[in-house]
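# Structure at a glance
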Amino acid sequence: MSIVVAVKKQGKIIIASDSMISFGNTVIHEDNSPVNKIYRVGGTYIGTTGWSIYDNILNDYLQKQEDIDLDSRNAIFTFFINFWKTMHNEYSFVNDQSEDEEKSPFADLDSEFLVVNRKGIFFVSSDMGVTQFKKFFAIGSGSSLALGALNVLYDLDLSPEEIAKAAINTAIKFNDACGGRIILKKLDVT
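Read on for an overview of the structure. Keep in mind that this is a model prediction, so the values were computed, not measured.

Residue position: Cys178 is located in the loop between helix H4 (160-174) and strand S11 (183-188). On a C-alpha basis, the gap between Cys178 and Ser19 in space is 8.0 Å, while along the polypeptide they are 159 residues apart. Leave out the neighbours within four places in its chain, and Cys178 touches Ser2, Ile3, Asp18, Met20, Ser141, Gly142, Ala171 and Ile172.

What follows is the structure, encoded as structure tokens:
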């Protein structure tokens, strides 16, 4: 499991994650396996949570793409629709059903993504809906804890880096599916 947060403040956007990975009850520390939950695609960062296989699939998909456009809510939606189609056409082990097949008419990525660039912070939900946020957002197993910390800290006299680190640390402290060191990336948006 994971925690990924994004904070936009003072002309910067920070995206940060924890560095722990787990396979069920087995926790793998980063000194034994490198962790990459944040991908750079041109001037954009994509943070991932959910199944670790997405790291392999997303990395493979990104390497095969040219001229990736993630500069708007619609472009991000189109990217993930194409990603979904490719997963089902090229990766035979990806299932088609949604998490609650009887109630939902939509497919389910069974993972969430946070996309940040000069245009802002975008959340890609498991059903591929894209929502833009002006100040901050968090995804992953520790997201409710991180969102609480982000909400309390955002209007204080703190840098976006300090806020993001505090939110990640809150998730690490109170959610056993989050852990390790903090990985932080910065974009200037002024």
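Taken residue by residue, helix H3 (residues 143-153) has Ser143, Ala146, Ala149, Leu150 and Leu153 as its buried positions. Viewed along the axis of H3, the buried residues span an arc of 125 degrees, placing them on a single side of the element. Opposite its buried face, H3 presents the exposed residues Ser144, Asn151 and Val152, each directed more than 90 degrees away.

Burial runs high along strand S1 (residues 3-9): six of the seven residues are buried. Summarising the sheet, S1 and strand S10 (residues 136-140) pair through five bridges and their orientation is antiparallel. Each residue of the ladder has a partner; that of Val5, found in S10, is Ala138. Here S1 pairs with strand S2 (residues 12-17) via six bridges, running antiparallel. Directly across from Val7, in S2, lies its bridge partner Ile14.

With that settled, consider the sheet that holds S2. Across the sheet, which stays open at both edges, the four strands sit in the order S10-S1-S2-S11 with antiparallel pairing between neighbours. A single partner strand is all that each edge strand has here, and the edge strands are S10 and S11. Ignoring strand direction, the axes of neighbouring strands in this sheet form an average angle of 10 degrees. This element, H3, spans S1 and S10 of the sheet and lies at about 165 degrees to S10. Strands in contact with H4 are S1, S2 and S11; relative to S1, the strand with the most contacts, it is inclined by about 155 degrees.

Moving on, we get to the packing of aromatic side chains. Under the criterion given, the structure shown has 10 aromatic pairs. An aromatic cluster of three or more residues is present, and its members are Tyr61, Phe79, Phe80, Phe83 and Phe113.

Let us now look at the side chain of Ser111. Within the element layout of this structure, Ser111 appears in strand S7 (residues 111-117). On the basis of relative accessibility, which here comes to 3%, the residue Ser111 falls in the buried class. Ignoring anything within four residues of it in the chain, the contact list for Ser111 reads Thr49, Gly50, Trp51, Tyr54, Ser125 and Ser126.

All right, on to the nonpolar core then. Taken as a class, soluble globular proteins show a tendency for nonpolar side chains to be buried jointly. Membership of the largest hydrophobic core comes to 23 residues, with the highest contact counts inside it found for Phe80, Phe83 and Phe113. Listed by contribution, the elements that provide at least two residues to this core are strand S5 (38-41), helix H1 (53-63), helix H2 (73-90), S7 and strand S8 (120-124). Counting residues per element, this core draws most heavily on H2, which supplies six residues. Excluding residues within four positions of it along the chain, Phe80 makes contact with Leu109, Phe113, Val115, Val124 and Met128. Core analysis: the second largest hydrophobic core is formed by 18 residues, Ile3, Ala138, Ala149 and Ala171 among them.

Cut-off values and rules
Residues numbered from 1 in each chain as written. Predicted model: local features only at pLDDT ≥ 70, side-chain atom pairs only at ≥ 80, totals over all residues. Heavy atoms only, no water. Helix = DSSP H or I, 4+ residues; strand = E, 2+ residues; numbered from the N terminus. Contact = heavy atoms within 4.5 Å. Buried < 20%, exposed > 50% of the residue type's maximum accessible area, 1.4 Å probe, protein only. Arc of directions from axis to C-beta. Pairing = 2+ DSSP bridges. Axes fitted to C-alpha atoms, helices over the stretch in contact; angles between N-to-C directions. Phe/Tyr/Trp six-rings, centres within 6.5 Å; stacked < 30°, edge-to-face > 60°. Core = buried A, V, L, I, M, F, W, Y, C linked by side-chain atoms within 4.5 Å.

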